Amino acid sequence: MSPISRRTLVLGGLAAAGAGALPAAAQSSVITATAAVPYPFQLGVASGEPDAGSVVLWTRLAPSPLNSDGHGGMANADVAVDWQVSTTDTFSTLVASGTVTATYGAAHSVHVVAAGLSPDADYFYRFRAQGHISPVGRTRTAPAVGTNGRDLVMAFTSCAHYEEGYYTVYRRMAEENPGLILFLGDYIYEYGATSGRPRLHAGASEIVSLADYRRRYAQYKSDPDLQAAHAAAPWLVVPDDHEVENNYANMVRADSTPSLTTAQWTARRTAAYQAYYENMPLRPAQANSGNSIPLYRRLRWGSLATFHMLDTRQYRNDQACGDGWKVCSDADLATRSLPGNAQETWLLDGLNQHYGTWDILGQQVFFARRFDSAGAASMDSWDGYRASRARIQQGWVNRGTRNPVVLTGDVHRAWASDLKADYSNPNSAVIGSELVTSSVSSSGDGDGSTTIPNLSTNPWLRFYQNRRGYVRTTISPTQLRADFRAVGKVTEHGAAVTTAKSFVIQEGRPGLQAV
């Protein structure tokens, strides 16, 4: 793909941008374009959920993103938004176009499913509204079923606490020109502003209402490095806990701060998921319904890979033994599940289909066993749901899944692990691999340590680093290469990125091989 074109043209630049090809429906906008209307594309553009013939295009109109009502400075009226897709960033020839209505009720967000596209192809897209043209985004489609397509360069990351650092990691990801980006949770944080940090949240208190969540997304999305990452490639996203509230489990809160009645907590979860859908490039099938949102789903990347995107927060049993790091026998109870029984069945059914060479599980919390020397483990991770993990691992063994790879976020550190058939026996078979990304900015700069914690009790752990970053994977029919990319600082702008460690996983040979 060619480098990103980030032209941002306002009224008057329309002709220069080839806008003569924009649809005639633009003339019938609900609101008439005028030069006095402020620029509404302050939150950038995004794409996501590609399949072999379509992709979702997203934007949200917000000329004043931090307005406290959550509507970003938009009036209480619907707005017509034109969209275009082209094979070139000059938009000289269009392959798809149309007009969609951005409604006040949806915070003037739009989710366009651009269809009729060719498989395994690169495209550019943009929007027009109120006489302004958006930045140009780049996207691509998946290969057709039955074909591998090009080798896929994919990057994944998680945990982007706005206050704890700048978004250099997003910028470096964009510069990789990836074909796909996965985001594995904690896109926003719900906390109020905390003094003394590199940046401050808008609002002194923890967010609770729909207006709060909408403004928080708008603040995060105003960041130019985040916008660059969204404009560089289609995204697949799943939330974790902070998109709602820290360490919540299904309908159970982790604490009582802030104090909420049951009805207020339900309303908060409803608001959080509505704002999540409004601000992510998700298909309309993933729109929230009340206080839940249907987010576990599969994406087929031709015959090369299948992405099984999991939701490990909405359906889980409450954390055992009161959460935290514990020695806890209840974590072994067979009745406990992290994804919930229905999602476990759905996942195992998908792994049984053998759709692609690589079965990739995109999910939120640490998967491999990770005990400390006293036998304590994180009850918020799969170690708090050990029977559930065993059912999934044994399930993929029983189904002959050749190349399972688990991708994980949440812990703000980079890790790599071999997955064992029996963690009580270090000599048991390696049956898969886990790659854990560090964060975008959460936990600040880090100390750079590469000493693997508790290695003696967890000999399947292969790598650790305490810096912020992402994982770049290059996926081919014969191997998956993983490069752990890290930046030295996030408390200052513009740090360089380096590769801390690389591994390959050979097709049909489970386990990590150091490069």
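What you see is a predicted model; the values in this text were computed from it and never measured.

Caption draft 1: Quick look at the pattern of salt bridges. Tallied over the full model, the rule gives 28 salt bridges. The partner of D380 in a salt bridge is R313, and the shortest N-O contact between them spans 3.0 Å. With D380 in the loop between β16 (377-378) and α6 (386-398) and R313 in the loop between β13 (305-309) and β14 (325-326), the pair connects residues that are 67 residues apart, well separated along the chain. The class for D380 is buried, based on a relative accessible area of 6%.

Caption draft 2: Representation of the pairing of strand β21 (residues 468-475). Burial analysis of β21 places 7 of its 8 residues in the buried class, the great majority of the element. Note: strand β9 (residues 152-157) against β21, 5 bridges, orientation antiparallel. When the sheet's bridge partners are listed, L152 is paired in β21 with I475. Bridge analysis of β21 against strand β22 (residues 479-487) gives 8 bridges, and the strand direction is antiparallel. In the sheet register, R472 faces β22, and the bridge partner there is D483. The hairpin turn running from β21 into β22, its antiparallel successor, is 3 residues long.

Caption draft 3: Main features of empty space enclosed by the protein. Tallied over the entire structure, the rule returns 3 cavities of 30 Å³ or more. In this structure, the largest cavity encloses a volume near 50 Å³. Every residue lining the largest cavity is counted, 13 residues in all, and those nearest its centre are A414, S438, Y470, F484 and R485. When contributions to the lining of the largest cavity are tallied by element, the ones reaching two or more residues are β21 and β22. In the lining of the largest cavity, the residues fall into 7 nonpolar, 4 polar and 2 charged. As a volume, the second largest cavity reaches approximately 40 Å³. Breaking the lining of the second largest cavity down by element, the ones donating at least two residues are β17 (404-408), β19 (430-436) and β24 (509-514). Across the lining of the second largest cavity, the residue classes tally to 6 nonpolar, 4 polar and 2 charged.

Caption draft 4: Spotlight on the UniProt feature "domain: Phospholipase D N-terminal" (unreviewed entry) in the protein chain. The sites that carry the UniProt feature "domain: Phospholipase D N-terminal" (unreviewed entry) are, in the present numbering, residues 43-141. The distance separating the terminal C-alpha atoms of residues 43-141 is 23 Å; by composition the span is 0% helix and 47% strand.

Caption draft 5: Examining the layout of surface pockets more closely. The calculated volume of the largest pocket comes to roughly 350 Å³. In terms of lining residues, the largest pocket is bounded by 21 residues, among which N247, S378, D380, D410 and V411 are the most central. Class assignment for the residues of the lining of the largest pocket results in 7 nonpolar, 7 polar and 7 charged.

Caption draft 6: Representation of the side chain of R126. Examined against the element boundaries, R126 turns out to sit in strand β6 (residues 122-129). Within the structure, R126 has its side chain in polar contact with the side chain of Q84 (distance 2.6 Å).

Caption draft 7: Geometry of the packing of aromatic side chains. For the structure shown, the criterion picks out 24 aromatic pairs. On the basis of an interplanar angle of 35° and a centroid distance of 6.4 Å, the ring pair of Y170 and F183 is categorised as tilted. One end of the pair, Y170, is in helix α1 (residues 168-175); the other, F183, is in strand β10 (residues 180-183), and 13 residues separate them in sequence. Its relative accessible area of 1% is what places Y170 among the buried residues. On the basis of relative accessible area, F183 is assigned to the buried category, the value being 1%. Taking the centre distance of 5.8 Å and the plane angle of 80° together, the rings of Y296 and Y315 count as edge-to-face. In this pair, Y296 sits in the loop between α4 (262-279) and β12 (297-301) while Y315 sits in the loop between β13 and β14, placing the two residues 19 residues apart along the sequence. You can call Y315 partly exposed: its relative accessible area is 30%. Among the aromatic residues, those joined into a cluster by ring pairs are Y162, Y167, Y170, F183, Y187, Y217, Y220 and W235.

What counts, and where the lines are drawn
- Residues numbered from 1 in each chain as written.
- Predicted model: local features only at pLDDT ≥ 70, side-chain atom pairs only at ≥ 80, totals over all residues.
- Heavy atoms only, no water.
- Salt bridge = Lys/Arg side-chain N within 4 Å of Asp/Glu carboxyl O.
- Helix = DSSP H or I, 4+ residues; strand = E, 2+ residues; numbered from the N terminus.
- Buried < 20%, exposed > 50% of the residue type's maximum accessible area, 1.4 Å probe, protein only.
- Pairing = 2+ DSSP bridges.
- 1 Å grid on protein atoms, 1.4 Å probe; cavity = no way out; pocket = protein on both sides within 12 Å on 5 of 7 lines; lining within 4 Å.
- Points joined across faces, edges and corners; volume = space filled by probe spheres on them.
- Nonpolar A, V, L, I, M, F, W, Y, C, P; charged D, E, K, R; others polar.
- UniProt positions renumbered as here; feature names shortened; annotations may be inferred.
- Polar contact = N/O pair within 3.5 Å; in protein donor to acceptor, adjacent residues only side chain to side chain.
- Phe/Tyr/Trp six-rings, centres within 6.5 Å; stacked < 30°, edge-to-face > 60°.

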